[in-house]
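Chain residues, written in single-letter form:
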Amino acid sequence: MSTYQGLEVLFTREQIAERIKEMGKQITHDLEGEKLVMIGVLKGAAPFLADLARAVTVDTTFDFVAVSSYGKSNRTSGAVKLIKDLDEPIEGKNVLIVEDILDTGLTLTYLRKIFLQHHPKSLRIAALLDKPSRRIEKIEADYTGFSIPNLFVIGFGMDYAERYRNLPDICLMPPDAQ
Ligand code: IMP
């Protein structure tokens with residue numbers, strides 16, 4: 001393992017780029033000849049969406065939503081709220097929700113439910129990271145970058161108290177910083 005600014009790197013930028021390229025090929029294969037709307041979940045998914053969008057060759061547009069973060073203490077309450085809605089209607093469209101981490105599954109379960117109410121043609125999920133051991137809701141991504149154990153990670157869009165989103169690698173949160 002190498003270090004970046006003293007942080008332990010879990011996935012290097014090269015490993016991330018390689019994996020996103022593969023995910024892009026799979027999505028292109030699955031949506032050949034179709035149009036696609038990628039919906040990024042702000043803010044964490046922004047770098048992933050930017051790279052994933054450039055790794056697909058289907059006709060793709062972007063939209064973004066933001067959800068309220070339920071603080072750590074009330075995670076199990078399932079209280080997820082939409083604080084920025086879609087700009088464009090998704091009815092009849094192929095939708096790909098793009099998220100940084102699938103953790104408890106509360107966020108994506110909520111988003112999937114409200115997006116399905118808009119009757120898209122199809123609805124898929126791409127998550128860069130998956131922490132299956134943390135799941136509260138029964139939900140899986142259609143495209144997963146890396147599956148990881150119950151570790152808190154930062155970088156490549158992912159934050160701790162809004163910091164570290166700009167790290168180019170995915171790093172482990174140092175225990176003394178928490
Ligand atoms: P879920 O609703 O529990 O699946 O939460 C997903 C959201 O929690 C992600 O989009 C992240 O914003 C946040 N999250 C979960 N695990 C981590 C982590 O290890 N680092 C940074 N953010 C995380």
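Each remark here, short or long, concerns the structure printed above.
Residue positions are given per chain, counted from 1 along the sequence in the order it is written. Where totals are concerned, whole chains, interfaces and linings use all residues; where local detail is concerned, this predicted model gives features only for residues with pLDDT of at least 70, and gives and counts side-chain atom pairs only at 80 or more. The side-chain numbers reported here are obtained from all heavy atoms of the structure, hydrogens and water having been left aside.

Trainee: Break down the sheet that holds strand S7 (residues 122-130) for me, citing the residues and quoting the values.
Mentor: Spatial ordering of the open sheet is given by S5-S4-S3-S6-S7-S8, a layout of six strands whose pairing is mixed. Every interior strand has two partners, whereas the edge strands, strand S5 (82-84) and strand S8 (143-147), have only one. Mean inter-strand twist for the sheet, computed between neighbouring axes without regard to direction, equals 30 degrees. Should DSSP find at least two bridges between two strands, the strands are taken to pair. The numbering of helices and of strands both runs from the N terminus, where a helix is a DSSP run of H or I of at least 4 residues and a strand a run of E of at least 2. Pairing analysis gives eight bridges linking strand S6 (residues 94-102) to S7, with the strands arranged parallel. Paired with Asn94 across the bridge in S7 is Ser122. Fitting a line to C-alpha atoms yields each axis, with helices limited to the stretch in contact; the angle taken between N-to-C directions then spans 0 to 180 degrees.

Trainee: Describe the packing of aromatic side chains, and please don't skip the residues or the numbers.
Mentor: Pairing of aromatic side chains requires ring centres within 6.5 Å, counting the rings of Phe and Tyr and the six-membered ring of Trp. Pairs whose planes differ by under 30 degrees are stacked, by over 60 edge-to-face, and all others tilted. One pass over the structure, following the stated rule, counts three aromatic pairs. Each ring, one from Phe11 and one from Phe146, has its centre 3.9 Å from the other, and the planes form 15 degrees; the classification is stacked. One end of the pair, Phe11, is in strand S2 (residues 7-11); the other, Phe146, is in strand S8, and 135 residues separate them in sequence. Phe146 carries the same exposure label as Phe11, and that label is buried. Seen in terms of ring centroids, Phe152 and Tyr160 are 6.1 Å apart; in terms of plane orientation they differ by 85 degrees. Their pairing is edge-to-face. The rule is simple: take the accessible area with a 1.4 Å probe, protein chains only, and divide by the maximum for that residue type; under 20% is buried, over 50% is exposed, in between is partly exposed. The partly exposed category is assigned to Phe152, whose relative accessible area is 30%. A relative accessible area of 21% places Tyr160 in the partly exposed class.

Any functional reading would require information that these geometric values do not contain.
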